[in-house]
Amino acid sequence: IVACDENRIMGKQGSLPWDIREDWNYFMETTKDGVLIMGRRCYEDFEGFAKTRKVIALSKDKSIEFPHAIKASSLQDGLSIAQKLNKTIWICGGRGIYEEALPLADELYLTAIEGNFDGDVKFPKWEEHFPKEMSRHSVEAAGYKLHFSIYGK
């Protein structure tokens, strides 16, 4: 699951480059009963919400601890742990984790935000992995048009 702008921008200095309540609410509602897999920087931004979720945070650094998450050293390790929890697995970033997960995932939940934001992280090209748009609904929020789409293989 990811949100990005027209230029694939999805992050800025470890956080979202926008504050659009409808995007955040969609993410929180869609992922609420699943297990979230994310990298360290994403976890640091999400930590306040991790208390009420099943979260697996990835880091190879043995000294890093995640107070409200299960730690895994790789995406494969995280996926193995997540599969045992018997919940929907959501990949939540960052870029390298998305790149590794795209060929493995069954679906892509993509929120496309019409607009251009200042950022330093782009979502990788996904079209070859998910060519089929299965559903879409659009809303206007905070002066932007958001397209909530689900893509399949």
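Residues numbered from 1 in each chain as written. Predicted model: local features only at pLDDT ≥ 70, side-chain atom pairs only at ≥ 80, totals over all residues. Heavy atoms only, no water.

J.: Please give an account of the environment of glycine 115 that cites residues and values.
T.: Looking at where glycine 115 falls in the secondary structure, it is placed in the loop between strand S7 (107-113) and strand S8 (121-122). Residues glycine 115 and tyrosine 144, 29 residues apart in the sequence, show an inter-C-alpha distance of 6.9 Å. (Helix = DSSP H or I, 4+ residues; strand = E, 2+ residues; numbered from the N terminus.)

J.: Outline the environment of tyrosine 98, supporting the account with residue identities and numerical values.
T.: Inspection of the secondary structure assignment puts tyrosine 98 in helix H4 (residues 95-101). Judged by its relative accessible area of 7%, tyrosine 98 falls in the buried class. Expressed as a C-alpha distance, the spacing of tyrosine 98 and proline 124, which sit 26 residues apart in the sequence, is 7.3 Å. Not counting residues within four places of it along the chain, the set of residues in contact with tyrosine 98 comprises Ile1, Val2, Met10, Ile91, Cys92, Gly93, Phe123 and Pro124. Within the structure, the side chain of tyrosine 98 is placed 2.6 Å from the backbone oxygen of isoleucine 1, a separation counted as a polar contact. (Buried < 20%, exposed > 50% of the residue type's maximum accessible area, 1.4 Å probe, protein only. Contact = heavy atoms within 4.5 Å. Polar contact = N/O pair within 3.5 Å; in protein donor to acceptor, adjacent residues only side chain to side chain.)

J.: Please give an account of the pattern of salt bridges that cites residues and values.
T.: This model, assessed by the stated rule, comprises six salt bridges. We note a salt bridge from arginine 40 to glutamate 44, for which the minimum N-O separation is 3.0 Å. Remark: glutamate 44 and arginine 40 occur in helix H2 (residues 40-50); sequence separation between them is four residues, near one turn of the helix. When its relative accessible area of 32% is taken as the criterion, arginine 40 is described as partly exposed. (Salt bridge = Lys/Arg side-chain N within 4 Å of Asp/Glu carboxyl O.)

J.: Which residues make up the layout of surface pockets, and what are the values?
T.: If you add up the space inside the largest pocket, you get close to 600 Å³. Taken together, 31 residues make up the lining of the largest pocket; nearest its centre are Met10, Leu16, Cys42, Cys92 and Tyr98. The greatest single-element share of the lining of the largest pocket, amounting to five residues, is contributed by H2. Counted by class, the lining of the largest pocket contains 16 nonpolar, nine polar and six charged residues. Of the volumes computed, that of the second largest pocket is approximately 440 Å³. Around the second largest pocket, the lining comprises 19 residues; the ones closest to its centre are Ile89, Ile91, Ala105, Asp106 and Glu107. Elements supplying a minimum of two residues to the lining of the second largest pocket: helix H3 (75-84), strand S6 (89-91), H4 and S7. Class assignment of the residues belonging to the lining of the second largest pocket gives a composition of 15 nonpolar, two polar and two charged. (1 Å grid on protein atoms, 1.4 Å probe; cavity = no way out; pocket = protein on both sides within 12 Å on 5 of 7 lines; lining within 4 Å. Points joined across faces, edges and corners; volume = space filled by probe spheres on them. Nonpolar A, V, L, I, M, F, W, Y, C, P; charged D, E, K, R; others polar.)

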